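Observations on the three-dimensional arrangement
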Amino acid sequence: MAEACGGGPGDGAERWFLDACVLYPQLMRGVLLSAARAGLFRPFWSMRVLEEWRIAAARSGGMAAEAAVRAAAGEMAAAFPGAAVTPDAALEAALHLPDPADAHVAAGAAAAGALVVTLNIRDFPVRRLAAHGIAAEHADSALWRLHGTAPAALDAAVADAVGALEPGRARVDGVRGALKRAGLPRLAKALAARP
């Protein structure tokens, strides 16, 4: 379990397996990837996670959204070589989660020695995951926790992500509102508490 919640050998950073649901919202994805680029954690995903993200985008935004996801996924692969992992099929079959489709996420996290970072925390029961050395955390909680250990670096990552999506909203009050709308209220509150 130390591998999942701590860093891997020699990298010093936590390892996070990103569920498709945290990649779909643009701002959340921007904050996560900006924090990863800053070295605050090492991101991982599977090709199936990227495919789920692409399908969700196509459903809600059509071909333009699907093309944007393909471009973003390509940028992610270039920025984080080796981040795409292949879940172990035997482990995936052995996991009995409330949503069977999430077994590949947990198996992917195990393959990466990473923490599952998701919005659907109820779909990843602690005891069932722990039996396989896997843990899961809500994206807001994980980012809030990172803010507690590296506030200046995470503040900069948030400002970069918000500025890229909402130019002119880089003021602290604009950033807090954007984070709340993106489903990151604890992170927004932590940001507000900083002088």
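Just above sits the structure.
All figures in this text were calculated on a predicted structure; none of them were measured in a lab. The residue count restarts for each chain, going from 1 along the sequence in the order it is written. Totals for whole chains, interfaces and linings use all residues, but because this is a predicted model, local features are given only for residues with pLDDT of at least 70 and pairs of side-chain atoms are given and counted only at 80 or more. Only hydrogens and water are set aside when side-chain values are computed; all heavy atoms of the structure are taken into account.

**Some points on the overall build of the chain**
Secondary structure elements are defined from DSSP: runs of H or I of at least 4 residues count as helices, runs of E of at least 2 residues count as strands, and each element is numbered from the N terminus. Counting secondary structure elements, the chain contains 11 helices and 4 strands. Accessible area is worked out with a 1.4 Å probe on protein chains only. A residue is then buried under 20% of its type maximum, exposed over 50%, and partly exposed in between. Within the chain, the proportion of its 195 residues that are buried is 47%. Only heavy atoms matter for contacts: two residues are in contact if any of them lie within 4.5 Å across the pair. Of the contacts made within the chain by residues no fewer than 6 positions apart, 65% connect residues no fewer than 24 positions apart. The Shrake-Rupley method, run with a 1.4 Å probe sphere, supplies the accessible areas, and residue values consider only the shown protein chains as cover. Of the roughly 9,100 Å² of accessible surface on the chain, a fraction of 58% belongs to carbon and sulfur atoms.

**Thoughts on the pairing of strand E1 (residues 14-18)**
In terms of burial, E1 is a largely internal element, 5 of the 5 residues being buried. Criterion used throughout: strands pair if DSSP finds at least two bridges between them. Direction of pairing for E1 relative to strand E2 (residues 41-44): parallel, over a ladder of 4 bridges. Bridging from a neighbouring strand, Arg15 pairs with Arg42 of E2.

**Section: helix H6 (residues 103-112)**
With 8 of 10 residues buried, H6 lies mostly within the body of the structure. For H6, the full list of buried residues reads Ala103, His104, Val105, Ala106, Ala107, Gly108, Ala109 and Ala112. Against E1, E2, helix H4 (47-79), helix H5 (89-94), strand E3 (115-118) and helix H7 (126-130) lie the buried residues of H6. Looking one or two residues beyond H6, the residue adopting positive phi is Gly113, at roughly 65 degrees.

**Regarding the packing of helix H8 (residues 139-149) against helix H11 (residues 185-193)**
A pair of packed helices is captured by two measures, namely the crossing angle of their axes and the spacing between those axes. In this analysis an axis means a line fitted to C-alpha atoms, helices contributing only their contacting stretch, and an angle means the value between N-to-C directions, from 0 to 180 degrees. Close contact between H8 and H11 brings their axes to 7 Å; oriented N to C, the two are set at 25 degrees. If you check the angle between H8 and H11, you find them roughly parallel. Every residue of H11 that contacts H8 at Asp140, Ser141, Leu143, Trp144 and His147 is listed here: Pro185, Arg186, Leu187, Ala190 and Leu191. In this classification, Asp, Glu, Lys and Arg are treated as charged, Ala, Val, Leu, Ile, Met, Phe, Trp, Tyr, Cys and Pro as nonpolar, and every other residue, Gly included, as polar. Of the residues belonging to the contact of H8 with H11, the class tally is 6 nonpolar, 2 polar and 2 charged. Here the word oblique covers every angle except those under 35 degrees (roughly parallel), over 145 (roughly antiparallel) and from 65 to 115 (roughly perpendicular).

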